[in-house]
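Structural description and commentary
What follows is the residue order along each chain.
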Amino acid sequence: MKEGPDIALIGSLIGDPARANMLTALMAGRALTPTELAAHAGITLQTASSHLSKLEAGGLLTQRKQGRHRYYQLAEDEVGLMLENLVGFAASRGMNRHRPGPRDPALRKARVCYNHLAGDYGVRMLDSLIAAKQIEVAGDDLALTDTGQIRIEALGISYASLKKSRRPICRTCLDWSERRSHLAGSLGEALLTLFIDKGWAKRENNSRAIRFTDSGERAFSDLFPQ
């Protein structure tokens, strides 16, 4: 195609294995240093710096400086959603990079997808909100109902604050392990933050996995029954 958006450029940026590994590491939602990203990619710091410059120039990454250190993160929600959809597509075609390992069950149960909850629990949460008519579905679009607004306010999440965000309040995100959609958008982020702030769940170190406590499991089941 000679006109229109250059998808070949995006494909070339993501298609390099080292860059793909760095982007995947940033899907955990944490900002990482070039040294940390080089370790994730299995390359030297000098090579990593070259890759990071290309990803930043392509609009996939952004950086911030804190003292003498530089930290990189995904440029915006759309980058995380694009990557999760690509991971889901690859998984559906059997394009796995390794055999399932010990951490796979934890990742499939609950994990971070950039800034919201994914995995079995992420899908279950969206299904439960739809079943309770707190989120309504129109094709691929989601909308919070009046009942849903009352529900999230009762949880301590400000609906007015969600509306101020430039991002959609609710949106679907294809889950690579469940092959179904989980909840993204500013509400998805707010709910994951709520779980962590209440001590119901925490992120595992050096992993995208989310570990729920016993009390968190019970609270989650009460909030989002199957």
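Named according to an unreviewed UniProt entry, the protein is Metalloregulator ArsR/SmtB family transcription factor originating from Ensifer canadensis.

On to the overall build of the protein, then. The number of helices and strands found in the protein is 11 helices and 10 strands. For the protein, whose C-alpha radius of gyration is 18 Å, the value lies close to the compact-globule estimate of 17 Å for 226 residues. Its C-alpha atoms put the protein at 50 × 45 × 40 Å along the principal axes. The buried share of the protein, taken over its 226 residues, is 43%. Long-range contacts, defined as pairs at least 24 residues apart, comprise 57% of the intrachain contacts of the protein with a sequence gap of at least 6. A total of about 12,600 Å² of accessible surface is found on the protein, and carbon and sulfur atoms cover 51% of it. Averaging the locations of the 31 positively and 25 negatively charged side chains of the protein gives two centres separated by 5 Å.

Moving on: the pairing of strand β1 (residues 61-66). In terms of strand pairing, β1 meets strand β2 (residues 69-74) through 6 bridges, oriented antiparallel. Across the sheet, T62 pairs through a bridge with Q73, a residue of β2. Following β1, the chain reverses through 2 residues before pairing antiparallel with β2; G67 in that reversal takes a positive phi of roughly 65°.

What follows is about the packing of aromatic side chains. This structure, assessed with the given rule, holds 8 aromatic pairs. Centre to centre, the rings of F212 and F220 are 5.4 Å apart; their planes meet at 65°, and the pair counts as edge-to-face. Comparing F212 with F220, the two get one shared label, buried. These aromatic residues form a ring-pair network of at least three members: Y121, F195, W200, F212, F220 and F224. If you follow R124 out to its NZ or CZ, it ends over the ring of Y121, 5.5 Å from the centre.

This part covers the pattern of salt bridges. With the rule as written, the count across this model stands at 9 salt bridges. Here R208 and E84 are joined by a salt bridge, their closest N and O atoms 3.3 Å apart. Taken as a pair, R208 in the loop between β9 (201-203) and β10 (210-212) and E84 in helix α5 (residues 77-92) lie far apart in primary sequence, 124 residues in all. The pair formed by R208 and E84 is uniform in burial state, with each residue classed as buried.

What follows concerns the side chain of R19. You can see R19 is positioned in helix α2 (residues 17-26). Polar side-chain contacts of R19 include one of 2.9 Å to the side chain of H51. For R19, the contacting residues outside a window of four places in its chain are S12, L13, H51, K54 and L55.

Conventions adopted
Residues numbered from 1 in each chain as written. Predicted model: local features only at pLDDT ≥ 70, side-chain atom pairs only at ≥ 80, totals over all residues. Heavy atoms only, no water. Helix = DSSP H or I, 4+ residues; strand = E, 2+ residues; numbered from the N terminus. Rg over C-alpha atoms; globule rule 2.2 N^0.38 Å. Buried < 20%, exposed > 50% of the residue type's maximum accessible area, 1.4 Å probe, protein only. Contact = heavy atoms within 4.5 Å. Areas by Shrake-Rupley, 256 points an atom, 1.4 Å probe, with all protein chains shown as cover. Lys, Arg positive; Asp, Glu negative; His and termini not counted. Charge placed at Lys NZ, Arg CZ, Asp CG, Glu CD. Pairing = 2+ DSSP bridges. Phe/Tyr/Trp six-rings, centres within 6.5 Å; stacked < 30°, edge-to-face > 60°. Lys NZ or Arg CZ within 6 Å of the ring centre and 35° of its normal. Salt bridge = Lys/Arg side-chain N within 4 Å of Asp/Glu carboxyl O. Polar contact = N/O pair within 3.5 Å; in protein donor to acceptor, adjacent residues only side chain to side chain.

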